[in-house]
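This is what each chain is made of:
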Amino acid sequence: MLKRLQDDFYLAMLTLVGAIIVLCITPYGIYRLYHGNYIVGIADLLMVLCAIIATRMAWRTGDTVKPGLFMALVFCFGVVLVCINLGVDGLFWVYPFLVFIFFLVSPLKAFVLLITMLSCLLLIANLRPGLVFASQFQMVSFIVTTTVTSIFAFIFAYRAQIQRRELKRLATTDSLTGAANRRTLNDQLAVAINEHQRFGRPYGLMLLDLDHFKQINDHHGHNVGDQVLAGLIPLLQSMLRQSDQVFRFGGEEFVVLLADMKPADLTKLAEKIRNGIASYLITPDGSHMTTSIGVAMLQPDENWEAWLHRADMALYQAKHEGRNKVVAG
Ligand SMILES: Nc1nc2c(ncn2[C@@H]2O[C@H](COP(=O)(O)OP(=O)(O)OP(=O)(O)O)[C@@H](O)[C@H]2O)c(=O)[nH]1
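Residues numbered from 1 in each chain as written. Predicted model: local features only at pLDDT ≥ 70, side-chain atom pairs only at ≥ 80, totals over all residues.

As named in an unreviewed UniProt entry, the protein chain is diguanylate cyclase, taken from Rheinheimera lutimaris. Comment text from UniProt for the protein chain, heading Cofactor (unreviewed entry), reads "Mg(2+)". Quoted straight from UniProt, the Catalytic activity (unreviewed entry) entry for the protein chain says "2 GTP = 3',3'-c-di-GMP + 2 diphosphate". (UniProt positions renumbered as here; feature names shortened; annotations may be inferred.)

Rendered as structure tokens:
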């Protein structure tokens, strides 16, 4: 549970907002009902209920987009309702909402929702003077302060989103080739094992190692070696489905993880890749690179270490049998 909160920023924020709403709004809802203000009391308790439903949904499905949007929409509506019913007292609730909506949905969606909500509130206030604001001056102050708060919250959330994405990219990809890194491979292998055990989803794995790669470095220099490695990824991707994932395992070794793969198709695809590399991965002096590939289907009750080990053994055999070869483990 703690790991999910650490890894998923939006899930953590949704949970925090949900908990704050339950703790802060429930007493208000009960108080309003007790004093006969049924509309606000029911609106408060409905918001609490929606927060619980949305948080639960996010935890169960792992999807934070729909629950976040649901929560944001409910709160837009709830805040307008509370302001209409409580007048100036209700306006105080707008300010925390202006900030935490940016933790529920993407910055752009939050900004659009806020503009819509504030416009609705101002329209109602203009149609029924005295209902929300005590004076024109108060309304103008409200417009200026909410606009300034929204703009700063937007800029802050937008910058944070860009930095979070960049951090995630740096932590999960290999900087030279752009392929996913070893750490991501471990996570995705664990996901594959889980899906295979729970739903019987068939998974295949390829372990590729470029042949005699050291000679490229020795003859042309390390930079050319780097270019060959970087050029391999788009070539691989052009022969794979979009759902297939490519990882740099280390040095000139790569892993391809393939979901929904039949055993016969796995070997055929590996042959196609071996052929594609032999034909199109060319060094600056015009010589063709080749690769050896070990393939393995995930077996029932197998852990990912054993699965990877079988592919590694098959690769070892492919190297041993002369390279530029596919061997199934
Ligand atoms: N240019 C470049 N070279 C790398 C990188 N990572 C590893 N290497 C080199 O890859 C070479 C791998 O050499 P070996 O393990 O002997 O393998 P090989 O020459 O491909 O021979 P076989 O695998 O047996 O066919 C070494 O010279 C490493 O220095 C990298 O990021 N860039």
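Structure shown, so let's carry the discussion forward.
A. Expanded view of the UniProt feature "transmembrane region" (unreviewed entry) in the protein chain. When the UniProt feature table is mapped onto this chain, "transmembrane region" (unreviewed entry) is found at residues 9-31, 37-57, 69-88, 94-125 and 137-158. Taken end to end, residues 9-31 comprises 100% helix and 0% strand; its first and last C-alpha atoms sit 33 Å apart. Within the segment residues 69-88, helix and strand shares are 95% and 0% respectively, and the terminal C-alpha atoms sit 27 Å apart. (Helix = DSSP H or I, 4+ residues; strand = E, 2+ residues; numbered from the N terminus.)

B. Just the site of the ligand, in detail. Around the ligand, 16 residues are found, and the nearest of them are Asp211, Phe213, Lys214, Gly225 and Gly251. Secondary-structure elements contributing two or more residues to the shell around the ligand are strand S1 (203-210), helix H10 (213-220) and helix H11 (222-238). Here the shell around the ligand gets 4 residues from one element, more than from any other, and that element is H11. (Near = placed C-beta within 6 Å.)

C. Fine view of the domain arrangement of the protein chain. With domains assigned, the protein chain is organised as domain 1 (2-172) and domain 2 (182-328). Computed over C-alpha atoms only, the centres of domain 1 and domain 2 are separated by 47 Å. (Domains from an automatic or database assignment.)

D. Region of the structure containing the sheet that holds strand S4 (residues 291-297). Here 5 strands make up an open sheet; going across it, the order is S2-S3-S1-S4-S5 and the pairing mixed. For this open sheet the edge positions go to strand S2 (245-250) and strand S5 (326-328), each flanked by a neighbour on one side alone. The sheet shows a mean angle of 20° between the axes of neighbouring strands, direction not considered. Inspection of the sheet shows S2 paired to strand S3 (residues 253-259) by 5 bridges, in the antiparallel sense. By the bridge assignment, Arg248 is partnered in S3 with Phe254. On top of the sheet, helix H12 (residues 263-280) reaches S1, S3, S4 and S5; it is set at about 165° to S4, its chief contact. Strands in contact with helix H13 (residues 304-320) are S1, S4 and S5; relative to S4, the strand with the most contacts, it is inclined by about 145°. (Pairing = 2+ DSSP bridges. Axes fitted to C-alpha atoms, helices over the stretch in contact; angles between N-to-C directions. Contact = placed C-beta atoms within 7 Å.)

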